[in-house]
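A structural walkthrough
Each chain is listed here by its residues.
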Amino acid sequence: MTLTTISQLVSAGLLDADQAPGLEPVAETFRVAVTEAMARPELAAQFVPTLAEMLTRAEELSDPIGDHAHAPSPGLTHRYPDRVILHATQTCEVYCRFCFRRESVGASGHLPEADLTAALDHIAATPAIREVILTGGDPMVLSPRRLGALLRRLDAIPNVDVVRFHTRVPVVNPARITDELIAALDIRPAVWVVVHTNHPAEITPEAEAAFRRLTRAGVPLLSQSVLLKGVNADPDTLEALFRALIRNRVKPYYLHHADLAKGTSHFRTTIAEGQKIMETLRGRLSGIAQPTYVLDIPGGHGKVPIGPGYLEPRGAQWQVTDPRGQRHAYADVTNGDVQAPAPAPILTP
Ligand code: SF4
């Protein structure tokens, strides 16, 4: 059973009874849902409300990544020329305490038919759009019947090459990944599934079975995680998570720096802390297990990798830092204006 009230969280042992009264206003402001698979103490920080959420910093925003600044019609975000985000639903299986859409998720259910039609008309009328990202809310909360109908409408738009899901369902409620749902994903555009997961304890045997059902059906799996203080902001936890993912044929794709969502400063690290963690992981994990650490620039200016950087210009050469922190000179040598490579001085860190 999904826990949706403070008293249910207390009964499940995820909250102390003496904390409960103070948390009712938090639960009224930001919706609560914790699935059975996530109702465990080691995962509680992601889903159980705290008083810290009522503290809003001046820099925090209602719409940190600027979804609304690029919305040609309700439920559609068109930020980059070749792709759109379609918010097919605002419902999720769980409500994450750090969600950057926390002020909209859980509020309005599925996208009304008129808005969905307007969004699909925009996609069909804009041949530059090649990829449709279904997010939410969580698009995999839609029934296979409803999802299948939406996917068939996307299939009928010739310029759509790729449909990408952003979802937490395979980890937070793996039982939803049924044969019927997988059959609905079998359409002409390539379907990619990006699983949002933040902690190795989320990768349960049931989640692994859901990954297997998807990969056996030929669906490529990627992951995205959010760097969260008190949850995963240390190299050991992230190493365990990324190892569990590649073991299950899920390629770690993005590690997001936590967005400036309201009431989430207690989760946020500094960028320097994030870079340090990524630097440590580069020495430990193979390339296929490394996500790109990214920042969504507040205000809707897009997503960029934020390092750490391994290359700096040094006169006519480059200085490259290896995974152990040692620096090396590198000279560009091409078949044009060939530079005589200078003897590479080894610089101490
Ligand atoms: S599942 Fe995704 S959209 Fe829903 S609350 Fe969590 S982070 Fe936000």
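Computed from a predicted model, the values in this text were never measured in an experiment.

Focus: the packing of aromatic side chains
Counted by the stated rule, this structure contains 2 aromatic pairs. Their ring planes at 80° and their centres at 5.7 Å tell us that Phe98 and Phe267 sit as a pair that is edge-to-face. Residue Phe98 is found in the loop between strand E2 (83-87) and helix H4 (113-124), and its partner Phe267 is found in the loop between strand E7 (250-257) and helix H10 (271-284); the two are separated by 169 residues along the sequence. Like Phe267, Phe98 is buried.

Points about the site of the ligand
Around the ligand lies a shell formed by Cys92, Val94, Tyr95, Cys96, Cys99, Val105, Gly137, Arg168 and His196. When its residues are assigned to classes, the shell around the ligand shows 6 nonpolar, 2 polar and 1 charged.

Observations concerning the nonpolar core
Formed by 86 residues in total, the largest nonpolar core has its most connected members in Leu86, Ile123, Leu154 and Phe165. If one sorts the elements of this core by residue count, helix H9 (residues 235-247) sits on top with 5 residues. Setting aside its immediate chain neighbours within four residues, Leu154 contacts Leu120, Ile123, Val132, Leu134, Val160, Val163, Arg188 and Pro189.

Remarks on the packing of H4 against helix H5 (residues 144-155)
Packing of H4 against H5 leaves a shortest axis separation of 10 Å and a crossing angle of 25°. In terms of orientation, H4 and H5 fall into the roughly parallel class. As H4 packs across H5, the resulting crossing turns out to be right-handed. Note on element contacts: H5 touches H4 through Leu150, Arg153 and Leu154, opposite Glu113, Leu116, Thr117, Leu120 and Ile123. Looking at the contact of H4 with H5 residue by residue, the class counts come to 5 nonpolar, 1 polar and 2 charged.

With respect to the side chain of Asp322
Checked against the element boundaries, Asp322 lands in the loop between strand E11 (317-321) and strand E12 (327-330). Polar contacts involving the side chain of Asp322 include one to the side chain of His328, which spans 2.8 Å.

So, the UniProt feature "binding site: [4Fe-4S] cluster" (unreviewed entry) in the protein
In this numbering, the UniProt entry assigns the feature "binding site: [4Fe-4S] cluster" (unreviewed entry) to Cys92, Cys96 and Cys99. Relative to the helices and strands, Cys92 resides in the loop between E2 and H4. Since its relative accessible area comes to 17%, Cys92 is described here as buried. Every residue in contact with Cys92, bar those within four places of it in the chain, is listed here: Val105, Gly137, Asp138 and Val141.

What to know about a positive patch on the surface
On the surface, a cluster of positive charge is contributed by Arg212, Arg213, Arg216 and Arg249. Relative to the helices and strands, Arg249 resides in the loop between H9 and E7.

Section: H5
Under the 1.5 Å per step criterion, the end-to-end length of H5 is 16 Å for 12 residues, consistent within 8% with the ideal 16 Å. Among all positions of H5, only Leu147, Gly148, Leu150, Leu151 and Leu154 are buried. Viewed end-on, H5 has its buried residues packed into an arc of 165°, placing them on one side of the element. Along H5, exposed side chains directed more than 90 degrees from the buried face belong to Arg145 and Arg152. Taken together, the buried residues of H5 touch E2, H4, strand E3 (131-135), strand E4 (162-167) and helix H7 (179-184).

Notes on the domain arrangement of the protein
Domains assigned within the protein are domain 1 (55-305) and domain 2 (310-349). Distance from the C-alpha centre of domain 1 to the C-alpha centre of domain 2: 37 Å.

Observations regarding the sheet that holds strand E10 (residues 311-314)
Taken together, the 3 strands give an open sheet; going across it, the order is E10-E11-E12, and neighbouring strands pair in antiparallel fashion. Both outer strands of the open sheet, E10 and E12, are each paired with one neighbouring strand and no more. Adjacent strand axes in the sheet meet at a mean angle of 30°, parallel and antiparallel pairs treated alike. Pairing of E10 with E11, which is carried by 4 bridges, proceeds in the antiparallel orientation. Within E11, the residue paired with Arg314 across the bridge is Gln317.

Some thoughts on the packing of H9 against H10
Following both chains from N to C, one finds H9 and H10 inclined at 50°, their axes separated by 10 Å at the closest point. Relative to H10, H9 is oriented oblique. The hand of the H9/H10 crossing is right-handed. Taken together, the residues of H10 that come into contact with H9 (itself represented by Pro235, Asp236, Leu238, Glu239, Phe242 and Arg243) are Ile277, Thr280, Leu281 and Arg284. Class assignment for the residues of the contact of H9 with H10 results in 5 nonpolar, 1 polar and 4 charged.

Here's the deal with the UniProt feature "modified residue: N6-(pyridoxal phosphate)lysine" (unreviewed entry) in the protein
In the numbering used here, UniProt assigns the "modified residue: N6-(pyridoxal phosphate)lysine" (unreviewed entry) feature to Lys303. Within the element layout of this structure, Lys303 appears in strand E9 (residues 303-305). Overall, the relative accessible area of 29% leaves Lys303 in the partly exposed class.

What counts, and where the lines are drawn
- Starting afresh in each chain, residues are numbered from 1 along the sequence in its written order.
- At least 70 in pLDDT is required for a residue's local features to be given in this predicted model, at least 80 for side-chain atom pairs to be given and counted, and no such filter applies to totals for whole chains, interfaces and linings, which use all residues.
- The side-chain quantities take in all heavy atoms of the structure and omit both hydrogens and water.
- Here is the rule: rings of Phe, Tyr and Trp (six-membered ring for Trp) pair when centre to centre is within 6.5 Å. Planes less than 30 degrees apart are stacked, more than 60 are edge-to-face, and the remainder are tilted.
- The helix count covers DSSP runs of H or I at least four residues long, the strand count covers runs of E at least two residues long, and both are numbered beginning at the N terminus.
- For each residue, the accessible area found with a 1.4 Å probe, counting protein chains only, is set against the maximum for its type, and the residue is called buried under 20%, exposed over 50%, and partly exposed in between.
- In this text, near means that some heavy atom of the residue lies within 4 Å of the molecule or strand in question.
- When residue character is reported, Ala, Val, Leu, Ile, Met, Phe, Trp, Tyr, Cys and Pro are called nonpolar, Asp, Glu, Lys and Arg charged, and the others, Gly included, polar.
- We call a set of buried Ala, Val, Leu, Ile, Met, Phe, Trp, Tyr and Cys residues a nonpolar core when their side-chain atoms join them within 4.5 Å.
- Any two residues whose heavy atoms approach within 4.5 Å are treated as being in contact.
- Axis geometry follows a simple rule: fit a line to the C-alpha atoms, using only the stretch in contact for helices, then measure angles between N-to-C directions, giving values from 0 to 180 degrees.
- Should an angle fall under 35 degrees it is taken as roughly parallel, and over 145 as roughly antiparallel, whereas 65 to 115 is taken as roughly perpendicular and any remaining angle as oblique.
- Here a crossing is called left-handed whenever its near helix is offset anticlockwise from the far helix by less than a right angle, and right-handed whenever the offset is clockwise.
- Each polar contact in these results corresponds to two N or O atoms within 3.5 Å; when the atoms are within protein, one needs to be able to donate a hydrogen and the other to accept it, and residues that are neighboring in sequence are counted only if both atoms are side-chain atoms.
- UniProt positions are given in the numbering used here, feature names are shortened, and annotations may be inferred rather than shown by experiment.
- Patch membership is restricted to residues that have no salt bridge and whose relative accessible area is over 30%. Joining uses 9 Å for like charges and 5 Å for the nonpolar side chains Val, Leu, Ile, Met, Phe, Trp and Tyr.
- Each accessible area is a Shrake-Rupley result for a 1.4 Å probe, and residues are judged covered by the shown protein chains and nothing else.
- Here, a salt bridge means any side-chain nitrogen of Lys or Arg that lies within 4 Å of a carboxyl oxygen of Asp or Glu.
- His is not counted, nor are the chain ends; Lys and Arg add positive charge and Asp and Glu add negative charge.
- Throughout, a charge is located at the NZ atom of Lys, the CZ atom of Arg, the CG atom of Asp or the CD atom of Glu.
- Working rule for helices: expected span equals 1.5 Å times residues minus one.
- Working definition: the arc comes from the directions between the helix axis and the C-beta atoms, pointing outward to the latter.
- By convention here, the domain bounds are inherited from an automatic or database domain assignment.
- At least two DSSP bridges between two strands are needed for those strands to be called paired.

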